Amino acid sequence: MIRYAGVRVGLGLAQVLGVLGIVFVVASVLPGDAAVVIAADDADPGRIAQLRETLGLDRPLLTQFGDWLTGLIRGDLGTSAISGRPVADMLASALGPTLTLAILALLVLIPLAVALGVAAAVGRGRRMDRVISGVAVAFYAAPEFALAIILVAVFAVGLGLFAPTAVGASGPLLMQPELWVLPVVVLVIRPVCSLARLVRSSMITALESEPTRHTLRLGVPLRRVVWRHALPGSLTPATQHLARVTDWLLGGVVVVESVFALGGLGQVLVSAVSSRDIPLLMGLVALFGSITVTVNTIADIVAFRLNRTAGATA
């Protein structure tokens, strides 16, 4: 188990390092930079050159990346090229709303998807299964921004039950459900559909297996067979899929934050890209990469514990 986890962590760190290098090179070679953004209307070539020297943008790319990577190893993400604030402080202040949305979405997503998947599998071929499967396919085909617009139009503008955006709001997001209910619904709808269908498929395979049929023939109640025997073995593919869903949630949160004007990492990312603030952008990539590696490693280890053969096939 320790060797398996060590290999997974090593591969994840190598992937993060590769992504950091690619993002740095791409962001650096594109036309324009933070010096041009700061100069704004005062686009004097001499001033822009001076700004580039001050920001260290005139150094070779390899030197810039090496210095940033050295700082990362020491725990220093550098300072924003535009605001001059420490990148770590900017990410820490924006992390709250993003984590709140992601955690709330997962708390709703996991039990709802498992319950729907189990209900569809137990009632396979009957009306319950057809309704759940049909609704899942229909909602999975809808993009997040379209769902967000429809929900805002109906429940915020039409019925006035929730706030359409967080503009002008202050205080912790968690204590203001009128701000996070609609974003969480938008984030959850599509992952629930995909995860429920995966649980349904795995559960049907488990319920129709000979050991499960034999357990039922022995008179063990169906409820106990489903929750204690069939479901644990069916969660291996769902656990690994949940890790990919978590990655998707991070990207989805960025879009949802922009739609609902929630001040989180999504807005920081948009600001970093539009202003060509490479230190801030690299800090975000390092954070997202670390979260992705951590989530996938945990999911792989859990799947390995549930089914040892998963480690050989993953």
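Please refer to the structure placed before this passage.
Residues numbered from 1 in each chain as written. Predicted model: local features only at pLDDT ≥ 70, side-chain atom pairs only at ≥ 80, totals over all residues. Heavy atoms only, no water.

## Re the nonpolar core
In this structure, L101, L109, V118, L187, M203 and F260 are the most contacted members of the largest nonpolar core, which totals 39 residues. Put simply, the parts of the chain that give this core at least two residues each are helix 5 (87-122), helix 7 (144-158), helix 8 (177-207) and helix 10 (222-260). The element contributing the most residues to this core is helix 8, with 14 residues. What F260 contacts, discounting residues up to four positions off in sequence, is A148, V152, P164, T165, A166, L182, P183 and V186. (Core = buried A, V, L, I, M, F, W, Y, C linked by side-chain atoms within 4.5 Å. Buried < 20%, exposed > 50% of the residue type's maximum accessible area, 1.4 Å probe, protein only. Helix = DSSP H or I, 4+ residues; strand = E, 2+ residues; numbered from the N terminus. Contact = heavy atoms within 4.5 Å.)

## Things to note about the layout of surface pockets
The space that makes up the largest pocket amounts to roughly 390 Å³. Around the largest pocket sit 15 residues that line it, and L55, R59, W68, T79 and P279 are the ones nearest its centre. When contributions to the lining of the largest pocket are tallied by element, the ones reaching two or more residues are helix 4 (61-73) and helix 12 (278-306). With four residues, helix 4 is the largest single contributor of residues to the lining of the largest pocket. A per-class count over the lining of the largest pocket returns seven nonpolar, five polar and three charged. Taken as a whole, the second largest pocket spans an internal volume of roughly 280 Å³. Residue lining of the second largest pocket: 14 residues in total, with G12, Q15, T292, V293 and N296 positioned closest to the centre. (1 Å grid on protein atoms, 1.4 Å probe; cavity = no way out; pocket = protein on both sides within 12 Å on 5 of 7 lines; lining within 4 Å. Points joined across faces, edges and corners; volume = space filled by probe spheres on them. Nonpolar A, V, L, I, M, F, W, Y, C, P; charged D, E, K, R; others polar.)

## Quick look at the packing of aromatic side chains
Evaluated as defined, the whole model comprises one aromatic pair. Considering the side-chain rings of F24 and F65, the 5.2 Å spacing of their centres and the 45° angle between planes classify their relative orientation as tilted. With F24 in helix 1 (residues 2-29) and F65 in helix 4, this residue pair connects regions lying 41 residues apart in the sequence. Each member of the pair, F24 as well as F65, carries the same accessibility label: buried. It is R190 that lies over the ring of Y140; its NZ or CZ is 4.7 Å from the centre. (Phe/Tyr/Trp six-rings, centres within 6.5 Å; stacked < 30°, edge-to-face > 60°. Lys NZ or Arg CZ within 6 Å of the ring centre and 35° of its normal.)

## Looking at the pattern of salt bridges
Counted according to the given criterion, the structure contains four salt bridges. In this structure, the salt-bridge partner of E208 is R124, at a minimum N-O distance of 3.3 Å. Linking E208 in the loop between helix 8 and helix 9 (210-217) with R124 in the loop between helix 5 and helix 6 (127-140), this pair joins segments that are 84 residues apart in sequence. Relative accessible area serves as the criterion here: at 40%, E208 is assigned to the partly exposed category. What makes R124 partly exposed here is its relative accessible area of 29%. (Salt bridge = Lys/Arg side-chain N within 4 Å of Asp/Glu carboxyl O.)

## Quick look at the side chain of T98
Topologically, T98 is positioned in helix 5. Looking at T98, the relative accessible area reads 2%, which means it is buried. With near-sequence residues (within four places) excluded, T98 lies in contact with V253, E257, G264, L265 and G266.

## Some thoughts on unusual backbone geometry
The bulk of non-glycine residues show a negative phi, and the bulk of peptide bonds are trans. In this structure, A261 is a non-glycine residue whose phi angle is positive, near 55°. Structurally, the position occupied by A261 is in the loop between helix 10 and helix 11 (265-274). The partly exposed category is assigned to A261, whose relative accessible area is 23%. At R276, a residue that is not glycine, the phi angle is positive and equals roughly 60°.

## Some words on the environment of A14
The residue A14 is located in helix 1 in this model. Remark: the alpha-carbon pair of A14 and I2, spanning twelve residues in sequence, is separated by 18 Å.

## Quick word on the packing of helix 5 against helix 6
Interaxial distance between helix 5 and helix 6 falls to 7 Å at its minimum, and their mutual angle equals 140°. In terms of orientation, helix 5 and helix 6 fall into the oblique class. In this structure, helix 5 meets helix 6 at a crossing whose hand is left-handed. The residues of helix 6 that touch helix 5, namely those facing L116, A119 and A120, are M128, D129 and I132. Along the lines of polarity and charge, the residues of the contact of helix 5 with helix 6 split into five nonpolar, no polar and one charged. (Axes fitted to C-alpha atoms, helices over the stretch in contact; angles between N-to-C directions. Parallel < 35°, antiparallel > 145°, perpendicular 65-115°, else oblique. Left-handed = near helix turned anticlockwise from the far one by under 90°.)

## Some details on the side chain of S80
Mapped onto the fold, S80 is located in the loop between helix 4 and helix 5. Accessibility expressed as a relative area gives 4% for S80, which makes it buried. A distance of 2.4 Å separates the side chain of S80 from the side chain of D277, its partner in a polar contact. Setting aside residues no more than four positions away along its own chain, S80 makes contact with R85, V87, M90 and D277. (Polar contact = N/O pair within 3.5 Å; in protein donor to acceptor, adjacent residues only side chain to side chain.)

## Things to note about the environment of A115
Tracing the chain through its elements places A115 in helix 5. What makes A115 partly exposed here is its relative accessible area of 39%. Residues A115 and V199, spaced 84 residues apart in sequence, show a C-alpha to C-alpha distance of 9.0 Å.

Worth remembering: the numbers are spatial, not functional.
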